[in-house]
Amino acid sequence: MKMLITFQNKLVPVYFTTENKQPTQKVLRLLTSTLELKINKGKNALKKCLNSLISIEIKGSEAILHSYSENDSLALSLY
């Protein structure tokens, strides 16, 4: 399943696997609050990834953050 969220004034696609047990809206709220917190207080490597974010893939309790550069892509725990 694919949804779009607004992050840093741009639309970012979020892809879900069908095995997620949490409600979609709850996961999206958790994801957006975590991203906002990390962009404000995160380490430089995480901020670099978030500044070039192109898509997010949710697998279970992890968010895989894909950026323009493959070297900047990261996994982020949501729980």
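Worth saying up front: this structure is predicted, and the values here are computed from it rather than measured.

Caption draft 1: Highlighting unusual backbone geometry. Of note, Q8 is a non-glycine position whose phi angle comes to about 55°, a positive value. Of note, Q8 is situated in the loop between β1 (2-7) and β2 (10-16).

Caption draft 2: Summary view of the nonpolar core. If you look at the biggest cluster of nonpolar residues, it comprises 20 residues, and the most contacted ones within it are L31, L35, I56, I58 and L65. Sorting the residues of this core by element identifies β1, β2, α1 (24-41), α2 (44-51), β3 (53-59) and β4 (62-67) as the ones contributing at least two each. At 5 residues, α1 tops the list of elements feeding residues into this core. Not counting residues up to four positions away in its chain, the partners in contact with L65 are L35, L46, C49, L50, L53, S55, I56, S73, L74 and L76.

Caption draft 3: Region of the structure containing the pairing of β2. As paired strands, β1 and β2 are joined by 6 bridges and run antiparallel to one another. The residue bridging T6 from the neighbouring strand is L11, located in β2. Between the end of β1 and the start of β2, which pair antiparallel, lie 2 residues, with Q8 showing a positive phi angle near 55°.

Rules behind the numbers
- Residues numbered from 1 in each chain as written.
- Predicted model: local features only at pLDDT ≥ 70, side-chain atom pairs only at ≥ 80, totals over all residues.
- Heavy atoms only, no water.
- Helix = DSSP H or I, 4+ residues; strand = E, 2+ residues; numbered from the N terminus.
- Core = buried A, V, L, I, M, F, W, Y, C linked by side-chain atoms within 4.5 Å.
- Buried < 20%, exposed > 50% of the residue type's maximum accessible area, 1.4 Å probe, protein only.
- Contact = heavy atoms within 4.5 Å.
- Pairing = 2+ DSSP bridges.

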